[in-house]
Amino acid sequence: MATVAVQSFVSAPLQIPNVTQFKIGICQLIVTTEKSANIFNARSLIQTAAEQGATLILLPEMWNCPYSTDLFAKFAEEFSDIDSAPSLLMLSEVASSLGVTIIGGSIPEKDAGQLYNSCPVFGPNGELKAKHRKIHLFDMGKPLPGEVQFKESVNISAGEKPTVVDTDFGRIGIGICHDIRFPELAMSYSARGAHLICYPGAFNMSTGATLWELEQRTRAVDNQLYVASCSLSRDSASSYMIWGHSTVVGPMGKIIATTGHEEAALIAEIDYAAIQWTRESLPLESQKRNDIYQFVDLLRESLNS
Ligand SMILES: NC(=O)CC(=O)C(=O)O
(Lines give C-alpha, C1' and ligand atoms only; values in the text may rest on other atoms or scores of the structure.)
Protein backbone atom coordinates (compact mmCIF):
# COMPACT_ATOMS: atom_id res chain seq x y z
CA MET A 1 0.00 0.00 0.00
CA ALA A 2 1.38 3.44 -0.93
CA THR A 3 1.98 5.75 2.02
CA VAL A 4 1.76 9.52 1.88
CA ALA A 5 4.23 11.43 4.03
CA VAL A 6 2.44 14.19 5.90
CA GLN A 7 3.67 16.45 8.64
CA SER A 8 1.51 15.86 11.69
CA PHE A 9 0.96 18.77 14.07
CA VAL A 10 -0.05 18.67 17.68
CA SER A 11 -2.61 21.35 18.50
CA ALA A 12 -1.11 24.48 20.01
CA PRO A 13 -1.92 24.70 23.75
CA LEU A 14 -4.46 27.31 24.76
CA GLN A 15 -2.69 30.39 26.11
CA ILE A 16 -4.32 32.34 28.92
CA PRO A 17 -5.27 35.75 27.49
CA ASN A 18 -5.16 39.02 29.44
CA VAL A 19 -8.93 38.87 29.85
CA THR A 20 -10.80 35.57 30.20
CA GLN A 21 -14.29 36.85 31.09
CA PHE A 22 -15.80 39.66 29.08
CA LYS A 23 -18.81 40.89 27.16
CA ILE A 24 -18.90 40.61 23.38
CA GLY A 25 -21.13 43.06 21.51
CA ILE A 26 -22.63 41.87 18.23
CA CYS A 27 -23.84 44.74 16.04
CA GLN A 28 -26.57 43.39 13.75
CA LEU A 29 -26.71 46.39 11.42
CA ILE A 30 -29.15 47.51 8.76
CA VAL A 31 -27.40 48.50 5.52
CA THR A 32 -28.55 51.13 3.03
CA THR A 33 -27.33 52.30 -0.38
CA GLU A 34 -25.80 55.36 1.35
CA LYS A 35 -22.26 54.61 2.52
CA SER A 36 -22.02 57.59 4.87
CA ALA A 37 -25.30 56.57 6.55
CA ASN A 38 -23.97 53.02 7.00
CA ILE A 39 -20.81 54.35 8.63
CA PHE A 40 -22.77 56.68 10.92
CA ASN A 41 -25.12 53.86 11.89
CA ALA A 42 -22.29 51.40 12.56
CA ARG A 43 -20.51 53.91 14.79
CA SER A 44 -23.62 54.52 16.86
CA LEU A 45 -24.39 50.79 17.33
CA ILE A 46 -20.75 50.17 18.34
CA GLN A 47 -21.17 52.94 20.92
CA THR A 48 -24.42 51.36 22.16
CA ALA A 49 -22.69 47.98 22.55
CA ALA A 50 -19.77 49.56 24.40
CA GLU A 51 -22.17 51.44 26.72
CA GLN A 52 -23.65 48.06 27.62
CA GLY A 53 -20.21 46.82 28.67
CA ALA A 54 -18.95 45.13 25.49
CA THR A 55 -15.16 45.28 25.12
CA LEU A 56 -14.93 43.06 22.05
CA ILE A 57 -17.22 44.08 19.19
CA LEU A 58 -18.19 42.18 16.06
CA LEU A 59 -19.78 43.64 12.92
CA PRO A 60 -21.52 41.85 10.01
CA GLU A 61 -20.38 40.97 6.50
CA MET A 62 -20.50 43.89 4.03
CA TRP A 63 -21.92 46.40 6.49
CA ASN A 64 -20.90 49.50 4.50
CA CYS A 65 -22.39 48.27 1.20
CA PRO A 66 -25.51 46.40 0.05
CA TYR A 67 -24.67 42.70 -0.50
CA SER A 68 -24.79 43.00 -4.27
CA THR A 69 -21.92 42.25 -6.63
CA ASP A 70 -22.67 45.27 -8.86
CA LEU A 71 -22.01 47.64 -5.92
CA PHE A 72 -18.83 46.18 -4.41
CA ALA A 73 -16.41 48.22 -6.56
CA LYS A 74 -18.22 51.49 -5.79
CA PHE A 75 -18.08 50.95 -2.00
CA ALA A 76 -14.56 49.43 -1.88
CA GLU A 77 -11.73 50.92 0.20
CA GLU A 78 -7.97 50.43 0.28
CA PHE A 79 -6.65 48.94 3.50
CA SER A 80 -3.17 50.34 2.87
CA ASP A 81 -4.41 53.93 3.21
CA ILE A 82 -6.77 54.12 6.16
CA ASP A 83 -6.87 57.93 6.14
CA SER A 84 -8.59 57.80 2.74
CA ALA A 85 -10.87 54.88 3.69
CA PRO A 86 -13.90 56.31 5.56
CA SER A 87 -15.25 52.99 6.88
CA LEU A 88 -11.84 51.87 8.17
CA LEU A 89 -11.06 55.29 9.59
CA MET A 90 -14.31 55.28 11.58
CA LEU A 91 -13.50 51.81 13.00
CA SER A 92 -10.00 52.88 13.95
CA GLU A 93 -11.24 56.08 15.62
CA VAL A 94 -14.11 54.48 17.49
CA ALA A 95 -11.90 51.58 18.67
CA SER A 96 -9.40 54.02 20.17
CA SER A 97 -11.95 56.48 21.57
CA LEU A 98 -13.88 53.69 23.33
CA GLY A 99 -10.83 51.50 24.06
CA VAL A 100 -12.45 48.43 22.49
CA THR A 101 -11.27 45.73 20.08
CA ILE A 102 -13.32 45.54 16.88
CA ILE A 103 -13.63 42.56 14.55
CA GLY A 104 -14.86 44.78 11.76
CA GLY A 105 -17.24 42.49 9.84
CA SER A 106 -16.31 42.97 6.23
CA ILE A 107 -16.26 45.63 3.55
CA PRO A 108 -15.19 45.40 -0.10
CA GLU A 109 -11.42 45.88 -0.27
CA LYS A 110 -9.61 47.07 -3.39
CA ASP A 111 -6.00 46.13 -3.86
CA ALA A 112 -3.89 46.08 -7.03
CA GLY A 113 -6.88 45.99 -9.36
CA GLN A 114 -8.65 43.20 -7.44
CA LEU A 115 -11.62 43.25 -5.06
CA TYR A 116 -11.79 41.17 -1.88
CA ASN A 117 -14.41 40.65 0.81
CA SER A 118 -12.23 41.58 3.80
CA CYS A 119 -12.52 41.78 7.57
CA PRO A 120 -10.35 44.35 9.37
CA VAL A 121 -9.45 43.90 13.05
CA PHE A 122 -8.74 47.02 15.12
CA GLY A 123 -7.13 47.02 18.55
CA PRO A 124 -8.01 49.41 21.39
CA ASN A 125 -5.34 51.88 20.28
CA GLY A 126 -6.97 52.11 16.88
CA GLU A 127 -4.28 50.10 15.12
CA LEU A 128 -5.17 47.70 12.26
CA LYS A 129 -4.06 44.40 13.82
CA ALA A 130 -5.12 41.96 11.08
CA LYS A 131 -7.16 41.48 7.95
CA HIS A 132 -9.00 38.36 6.81
CA ARG A 133 -9.96 37.99 3.16
CA LYS A 134 -12.95 35.67 2.65
CA ILE A 135 -11.44 32.39 1.50
CA HIS A 136 -14.55 30.57 0.25
CA LEU A 137 -16.59 32.76 -2.07
CA PHE A 138 -20.37 32.37 -2.05
CA ASP A 139 -21.13 30.96 -5.48
CA MET A 140 -24.49 29.24 -5.39
CA GLY A 141 -25.08 26.24 -7.60
CA LYS A 142 -28.47 25.46 -9.08
CA PRO A 143 -31.06 27.46 -7.11
CA LEU A 144 -34.11 25.74 -5.67
CA PRO A 145 -37.44 27.26 -6.79
CA GLY A 146 -37.95 30.62 -5.11
CA GLU A 147 -34.32 30.89 -3.95
CA VAL A 148 -32.04 33.82 -4.68
CA GLN A 149 -29.07 33.30 -6.98
CA PHE A 150 -25.66 34.68 -6.06
CA LYS A 151 -22.18 34.42 -7.56
CA GLU A 152 -19.68 36.33 -5.50
CA SER A 153 -16.71 35.33 -7.66
CA VAL A 154 -18.11 37.49 -10.49
CA ASN A 155 -15.95 40.30 -9.14
CA ILE A 156 -14.48 39.23 -5.78
CA SER A 157 -11.18 37.35 -5.54
CA ALA A 158 -10.68 34.74 -2.84
CA GLY A 159 -8.35 35.15 0.12
CA GLU A 160 -5.48 32.72 0.33
CA LYS A 161 -4.92 32.18 4.02
CA PRO A 162 -6.58 31.59 7.37
CA THR A 163 -6.41 34.42 9.91
CA VAL A 164 -5.82 34.14 13.63
CA VAL A 165 -5.27 37.28 15.65
CA ASP A 166 -4.06 37.60 19.23
CA THR A 167 -6.06 40.12 21.20
CA ASP A 168 -6.57 40.95 24.90
CA PHE A 169 -9.65 38.75 24.56
CA GLY A 170 -7.88 35.63 23.37
CA ARG A 171 -6.74 34.17 20.11
CA ILE A 172 -9.47 34.75 17.55
CA GLY A 173 -9.92 32.95 14.23
CA ILE A 174 -11.90 34.72 11.52
CA GLY A 175 -14.15 33.36 8.79
CA ILE A 176 -16.56 35.35 6.64
CA CYS A 177 -20.04 33.90 6.09
CA HIS A 178 -19.66 31.01 3.57
CA ASP A 179 -16.27 30.26 5.23
CA ILE A 180 -18.33 28.79 8.08
CA ARG A 181 -19.35 25.82 5.91
CA PHE A 182 -15.80 24.48 5.71
CA PRO A 183 -15.00 22.57 8.92
CA GLU A 184 -11.30 22.36 8.04
CA LEU A 185 -10.91 26.13 8.46
CA ALA A 186 -12.40 25.98 11.96
CA MET A 187 -10.24 22.94 12.74
CA SER A 188 -7.15 24.83 11.64
CA TYR A 189 -8.07 27.66 14.04
CA SER A 190 -8.65 25.25 16.87
CA ALA A 191 -5.32 23.55 16.17
CA ARG A 192 -3.65 26.97 16.29
CA GLY A 193 -5.01 27.56 19.77
CA ALA A 194 -8.02 29.78 19.06
CA HIS A 195 -10.47 30.46 21.90
CA LEU A 196 -13.12 32.03 19.70
CA ILE A 197 -14.03 32.00 16.02
CA CYS A 198 -15.86 35.07 14.72
CA TYR A 199 -18.00 34.79 11.60
CA PRO A 200 -19.38 38.03 10.15
CA GLY A 201 -22.20 36.86 7.88
CA ALA A 202 -25.10 37.58 5.58
CA PHE A 203 -26.92 34.26 5.17
CA ASN A 204 -30.08 34.53 3.06
CA MET A 205 -33.59 33.43 3.98
CA SER A 206 -33.40 29.83 2.76
CA THR A 207 -29.86 28.96 3.84
CA GLY A 208 -30.33 30.92 7.04
CA ALA A 209 -33.45 29.13 8.20
CA THR A 210 -31.93 25.69 7.75
CA LEU A 211 -28.20 26.09 8.25
CA TRP A 212 -27.09 29.26 10.05
CA GLU A 213 -27.51 28.07 13.63
CA LEU A 214 -26.59 24.48 12.80
CA GLU A 215 -23.25 25.47 11.24
CA GLN A 216 -22.34 27.63 14.23
CA ARG A 217 -23.19 25.01 16.82
CA THR A 218 -21.37 22.34 14.85
CA ARG A 219 -18.18 24.39 14.49
CA ALA A 220 -18.31 25.18 18.24
CA VAL A 221 -18.95 21.60 19.38
CA ASP A 222 -16.46 19.90 17.07
CA ASN A 223 -13.70 22.27 18.10
CA GLN A 224 -14.76 22.87 21.72
CA LEU A 225 -14.43 26.63 21.54
CA TYR A 226 -16.65 29.71 21.33
CA VAL A 227 -18.27 30.79 18.07
CA ALA A 228 -19.77 34.25 17.52
CA SER A 229 -21.64 35.29 14.41
CA CYS A 230 -22.85 38.69 13.34
CA SER A 231 -25.39 39.02 10.53
CA LEU A 232 -26.78 42.06 8.80
CA SER A 233 -30.37 42.79 9.75
CA ARG A 234 -33.20 42.13 7.31
CA ASP A 235 -34.43 44.61 4.75
CA SER A 236 -37.62 43.14 3.29
CA ALA A 237 -37.33 45.37 0.19
CA SER A 238 -33.91 43.99 -0.76
CA SER A 239 -33.45 41.44 -3.57
CA TYR A 240 -31.04 39.50 -1.33
CA MET A 241 -33.04 39.08 1.85
CA ILE A 242 -31.00 38.52 4.98
CA TRP A 243 -31.81 35.91 7.61
CA GLY A 244 -30.35 37.80 10.61
CA HIS A 245 -30.22 35.87 13.92
CA SER A 246 -26.72 36.77 15.08
CA THR A 247 -25.69 34.28 17.74
CA VAL A 248 -23.04 33.37 20.29
CA VAL A 249 -22.43 29.67 20.98
CA GLY A 250 -20.40 28.13 23.80
CA PRO A 251 -17.95 25.22 23.52
CA MET A 252 -20.67 22.69 24.50
CA GLY A 253 -22.89 23.95 21.68
CA LYS A 254 -25.18 25.93 23.97
CA ILE A 255 -26.64 29.14 22.53
CA ILE A 256 -25.58 31.87 24.92
CA ALA A 257 -27.31 34.73 23.15
CA THR A 258 -29.22 35.22 19.94
CA THR A 259 -31.56 37.71 18.32
CA GLY A 260 -34.21 37.99 15.59
CA HIS A 261 -33.88 39.76 12.24
CA GLU A 262 -34.14 43.40 13.34
CA GLU A 263 -31.25 45.76 13.95
CA ALA A 264 -29.83 45.07 17.43
CA ALA A 265 -26.80 45.31 19.69
CA LEU A 266 -26.63 41.80 21.12
CA ILE A 267 -24.52 41.42 24.25
CA ALA A 268 -23.19 38.05 25.44
CA GLU A 269 -20.97 37.03 28.33
CA ILE A 270 -17.97 34.92 27.42
CA ASP A 271 -16.01 32.93 29.99
CA TYR A 272 -13.07 30.94 28.64
CA ALA A 273 -13.15 28.63 31.68
CA ALA A 274 -15.96 26.88 29.78
CA ILE A 275 -13.47 25.79 27.11
CA GLN A 276 -11.28 24.17 29.73
CA TRP A 277 -14.06 22.28 31.49
CA THR A 278 -15.57 21.17 28.18
CA ARG A 279 -12.21 19.78 27.08
CA GLU A 280 -11.61 18.16 30.47
CA SER A 281 -14.97 16.46 30.48
CA LEU A 282 -14.77 15.38 26.80
CA PRO A 283 -11.02 15.09 26.03
CA LEU A 284 -11.46 14.75 22.27
CA GLU A 285 -7.97 15.96 21.41
CA SER A 286 -6.23 13.10 23.22
CA GLN A 287 -8.78 10.59 21.93
CA LYS A 288 -8.19 11.41 18.26
CA ARG A 289 -7.01 8.43 16.21
CA ASN A 290 -4.14 10.10 14.38
CA ASP A 291 -3.01 6.58 13.45
CA ILE A 292 -6.16 6.22 11.30
CA TYR A 293 -6.80 9.75 10.01
CA GLN A 294 -5.04 13.08 10.17
CA PHE A 295 -5.90 16.69 9.54
CA VAL A 296 -3.24 18.37 7.42
CA ASP A 297 -2.93 22.13 7.77
CA LEU A 298 -0.73 23.08 4.83
CA LEU A 299 -0.11 26.66 5.94
CA ARG A 300 0.35 26.31 9.67
CA GLU A 301 4.11 25.91 9.59
CA SER A 302 4.57 28.97 7.41
CA LEU A 303 2.39 31.07 9.73
CA ASN A 304 4.34 29.77 12.73
CA SER A 305 1.39 29.50 15.08
N1 LIG B 1 -22.59 35.75 2.19
C2 LIG B 1 -22.58 34.45 2.14
O3 LIG B 1 -21.51 33.85 2.10
C4 LIG B 1 -23.95 33.85 2.14
C5 LIG B 1 -24.13 32.46 2.53
O6 LIG B 1 -23.20 31.72 2.80
C7 LIG B 1 -25.53 31.98 2.60
O8 LIG B 1 -25.74 30.80 2.83
O9 LIG B 1 -26.47 32.76 2.42
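Calculation notes
Residues numbered from 1 in each chain as written. Predicted model: local features only at pLDDT ≥ 70, side-chain atom pairs only at ≥ 80, totals over all residues. Heavy atoms only, no water. Phe/Tyr/Trp six-rings, centres within 6.5 Å; stacked < 30°, edge-to-face > 60°. Buried < 20%, exposed > 50% of the residue type's maximum accessible area, 1.4 Å probe, protein only. Lys NZ or Arg CZ within 6 Å of the ring centre and 35° of its normal. Helix = DSSP H or I, 4+ residues; strand = E, 2+ residues; numbered from the N terminus. Expected span 1.5 Å × (residues − 1). Contact = heavy atoms within 4.5 Å. Core = buried A, V, L, I, M, F, W, Y, C linked by side-chain atoms within 4.5 Å. Pairing = 2+ DSSP bridges.

- The name an unreviewed UniProt entry assigns to the protein is CN hydrolase domain-containing protein, from the organism Solanum lycopersicum.

Considering the packing of aromatic side chains
Think of a pair of aromatic rings as described by two things: how far the centres are apart, and how the planes are tilted against each other in angle.
Thought 1: Counted under the stated rule, the structure contains nine aromatic pairs.
Thought 2: Seen from their ring centres, Tyr 67 and Phe 72 are 5.9 Å apart, and the 50 degrees between their planes marks the pair as tilted.
Thought 3: When its relative accessible area of 7% is taken as the criterion, Tyr 67 is described as buried.
Thought 4: Through a chain of ring-to-ring contacts, three or more aromatic side chains come together here, namely Tyr 67, Phe 72, Phe 138, Phe 150 and Tyr 240.
Thought 5: The ring of Tyr 116 carries the charged tip of Arg 133 above its face, separated from the ring centre by 3.7 Å.

Focus: helix 5 (residues 205-223)
Thought 1: Its 19 residues give helix 5 an end-to-end C-alpha distance of 27 Å, which sits within 8% of 27 Å, the value for a rise of 1.5 Å per residue.
Thought 2: Of all the residues in helix 5, the buried ones are Thr 207, Gly 208, Trp 212, Glu 215, Gln 216, Arg 219, Ala 220 and Asn 223.
Thought 3: Looking at the packing, one finds that the buried side of helix 5 touches helix 4 (183-191), strand 9 (196-201), strand 10 (226-231), strand 11 (247-249) and helix 6 (273-281).
Thought 4: Within two residues after helix 5, Gln 224 carries a phi angle of roughly 55 degrees, on the positive side.

Quick look at the nonpolar core
Thought 1: Membership of the largest hydrophobic core comes to 43 residues, with the highest contact counts inside it found for Ile 24, Ile 103 and Leu 196.
Thought 2: Ignoring any residue separated from it by four or fewer positions in sequence, one finds Ile 103 in contact with Leu 56, Ile 57, Leu 58, Leu 59, Cys 119, Pro 120, Val 121, Ile 172, Ile 174 and Cys 198.

Concerning the pairing of strand 6 (residues 128-133)
Thought 1: Where strand 5 (residues 114-122) lies against strand 6, five bridges are found, and the strand directions are antiparallel. Bridge pairing in strand 6 links Phe 122 to Leu 128.
Thought 2: Linking strand 5 to strand 6, which pair antiparallel, is a turn of five residues; within it Gly 126 sits at a positive phi near 85 degrees.

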